[in-house]
Amino acid sequence: MNENVLAKLKILAESAKYDVSCSSSGTVRSNKPGMLGNTVGGWGICHSFAEDGRCISLLKIMLTNYCIYDCAYCVNRRSNDLPRATFSVSELVELTMEFYRRNYIEGLFLSSGVVRNPDYTMERLVRVAKDLRQVYRFNGYIHLKSIPGASRELVNEAGLYADRLSVNVEIPKEENLKLLAPEKDHKSVFAPMKYIQQGVLESKEERQKFRHAPRFAPAGQSTQVIVGATSESDKDILFLSSALYGRPTMKRVYYSGYVSVNTYDKRLPALKQPPLVRENRLYQADWLLRFYQFKVDEIVDDSYPDLDLEIDPKLSWALRHPEQFPIDINKADYEMLLRVPGVGVKSAKLIVASRRFSRLGFYELKKIGVVMKKAQYFITCKELPLQMQTVNELSPQRVRSLLLPKPKKKVDERQLLLDFGE
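Thresholds applied
- Residues numbered from 1 in each chain as written.
- Predicted model: local features only at pLDDT ≥ 70, side-chain atom pairs only at ≥ 80, totals over all residues.
- Heavy atoms only, no water.
- Helix = DSSP H or I, 4+ residues; strand = E, 2+ residues; numbered from the N terminus.
- Buried < 20%, exposed > 50% of the residue type's maximum accessible area, 1.4 Å probe, protein only.
- 1 Å grid on protein atoms, 1.4 Å probe; cavity = no way out; pocket = protein on both sides within 12 Å on 5 of 7 lines; lining within 4 Å.
- Points joined across faces, edges and corners; volume = space filled by probe spheres on them.
- Nonpolar A, V, L, I, M, F, W, Y, C, P; charged D, E, K, R; others polar.
- Core = buried A, V, L, I, M, F, W, Y, C linked by side-chain atoms within 4.5 Å.
- Contact = heavy atoms within 4.5 Å.
- Phe/Tyr/Trp six-rings, centres within 6.5 Å; stacked < 30°, edge-to-face > 60°.
- Lys NZ or Arg CZ within 6 Å of the ring centre and 35° of its normal.
- Pairing = 2+ DSSP bridges.
- Axes fitted to C-alpha atoms, helices over the stretch in contact; angles between N-to-C directions.
- Right-handed = clockwise from strand over helix to strand, strands pointing away.
- Arc of directions from axis to C-beta.
- Disulfide = S-S within 2.5 Å.

Draft legend 1. Expanded view of unusual backbone geometry. In this structure, the amide linkage connecting F325 to the following residue, P326, adopts the cis form with an omega of -5 degrees. Considering the arrangement of structural elements, one finds P326 in the loop between α10 (313-320) and β10 (327-328). Phi angles above zero are rare outside glycine, and E170 is one such case at about 70 degrees. Structurally, E170 can be placed in the loop between β7 (164-166) and α5 (174-180). Even without being a glycine, A217 presents a positive backbone phi close to 35 degrees. Relative to the elements of secondary structure, A217 occurs in the loop between α6 (186-209) and β8 (221-227). Overall, the relative accessible area of 0% leaves A217 in the buried class.

Draft legend 2. How the structure looks around the layout of surface pockets. Reported here for the largest pocket is a volume of approximately 800 Å³. Lining the largest pocket are 43 residues, and of these D19, C74, N168, E170 and Q224 lie nearest its centre. Elements that contribute at least two residues to the lining of the largest pocket include exactly α6, β8, β9 (250-257) and α8 (276-291). When its residues are assigned to classes, the lining of the largest pocket shows 23 nonpolar, 12 polar and 8 charged.

Draft legend 3. Molecular detail of the nonpolar core. Membership of the largest hydrophobic core comes to 110 residues, with the highest contact counts inside it found for I61, Y73, L238 and F378. The leading source of residues in this core is helix α2 (residues 89-101), at 7 residues. Ignoring anything within four residues of it in the chain, the contact list for Y73 reads E170, I171, L177, L180, A181, K184, I226, Y258, V261, N262 and L268.

Draft legend 4. Layout of the packing of aromatic side chains. Taken as a whole, this structure holds 8 aromatic pairs when the rule is applied. Residues F99 and Y104 carry aromatic rings whose centres are separated by 5.3 Å and whose planes lie at 80 degrees to one another, so their mutual orientation is edge-to-face. Accessibility expressed as a relative area gives 13% for F99, which makes it buried. Relative accessible area serves as the criterion here: at 47%, Y104 is assigned to the partly exposed category. Taken together, the ring pairs in this structure connect F294, W317, F325 and F378 into an aromatic cluster. A cation sits over an aromatic face here: R252 above Y254, 4.7 Å from the ring centre. In this structure, R339 is placed above the aromatic ring of F294, and the distance from its NZ or CZ to the ring centre is 4.1 Å.

Draft legend 5. The sheet that holds β7, seen in detail. With respect to topology, 6 strands assemble into an open sheet ordered β4-β5-β6-β7-β8-β9, the strand pairing being parallel. Looking at strand neighbours, the two that pair on one side only are β4 (58-62) and β9, the edges of this open sheet. With direction set aside, neighbouring strand axes in the sheet form an average angle of 20 degrees. Two elements, β8 and β9, share 7 bridges in a ladder whose sense is parallel. Pairing of S222 across the sheet is with R252, part of β9. Each of β4 and β5 (107-111) is contacted by α2, which is oriented at about 160 degrees to β4, the strand it contacts most.

Draft legend 6. Representation of the pairing of β8 within the structure. When you tally the buried positions in β8, you get 7 out of 7 residues, the bulk of the element. Burial along β8 is two-sided: the residues Q221, T223, V225 and V227 and S222, Q224 and I226 are all buried. Following the backbone out of β8, through helix α7 (residues 234-245) and into the adjacent parallel β9, one traces a crossover that is right-handed.

Draft legend 7. Structural detail: helix α12 (residues 345-354). Within the sequence span of α12, burial applies to S347, A348 and I351. Seen along its axis, α12 keeps its buried residues to an arc of 100 degrees; they face one direction. With respect to the buried face of α12, the exposed residues turned more than 90 degrees away are K346 and K349. Looking at the buried positions of α12, the neighbouring elements they touch are α11 (334-337) and α13 (362-368).

Draft legend 8. Geometry of the state of the cysteines. Across all of its chains, the model carries 0 disulfides by this definition. Not part of a disulfide, C74 finds its nearest cysteine sulfur in C71, a span of 6.1 Å. On the basis of relative accessibility, which here comes to 26%, the residue C74 falls in the partly exposed class.

Draft legend 9. Focus on the side chain of T390. Within the element layout of this structure, T390 appears in the loop between β11 (379-380) and α15 (391-394). Owing to a relative accessible area of 12%, T390 belongs among the buried residues under this scheme.

This is the structure:
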């Protein structure tokens, strides 16, 4: 590997680090004769762990960090004075294979700045994936970032070689996107999303008729939303996420706390630090939408447009609805069990299965994996220690104070905001 390629690698790996929608999940492709590598189903971002315990590593890199756009929130914006580099298609393909042979990586996450126009950039990304698959017979994981505004033909071709495709929404509201990225609009983002969705559904239908028909982006698609760069509430962000999850091929919405990379731009908020707590709460709320059968308006509404930064969203909902509790663990249905703080999906399933054989008490629930520190205020069961009281006996405010983590140091505010033109 020559010094020129290594220098490019250093620049372009650094430029790619702010994109968090990097997943090695959602598809399984076994090793085949004459091909190199395989994919293992599992969840992860760059360095992650599969369901069987294996660590999965992706080469997360950009094809180029040159860009024709001047988005205020992006480190690679056109007006920034920073080291720039561009891989040729052959350089990036050979680099990926070299890393794979050395067992550094098990797949590729490839994005790019936009050069010339969206189709020119997208065509080069597709060529990388195509050469890996057809020339080098690479059978590992490939995640491609689809370029907003790219043509349907190129997106369709990308889906034949990539395991997952993604297009970043970035800013939830169109007017705020126009404020920070005047050259972009949501139409150019949602069009490729629609192409990906149609390709996946058509491929699925085709494979029902012909077993060996080619798969199209078998791991579906994902997107990313920047949190804290603009004035959207958590309610705005979660309603967008819910709408995206309503599409049959959307697998993940990633939330990226805004990092102040362009502090000189007065359109951006002044932050002491990225809103990481808020980002974490959004991921927890996202989990409730996807796995706990919650609706957005149960988590956030006009009265509570932002998530509570001190407690998790499920506990927050439970404290706002004490009339729903306590529930009898030995009688409540699965859907209600999911709403008990401290009870997860796995625990709820085990409770439903176990109570067919005997009534469950405090110690059985603890063995199952229920976090009794939280759950004790919202349940009744065969036997609870006498000193334990429910949320209605204590009051929601008292339970909240008991469950709040003890402060170790002063916590920053949600974020230090400039006024957004108000």
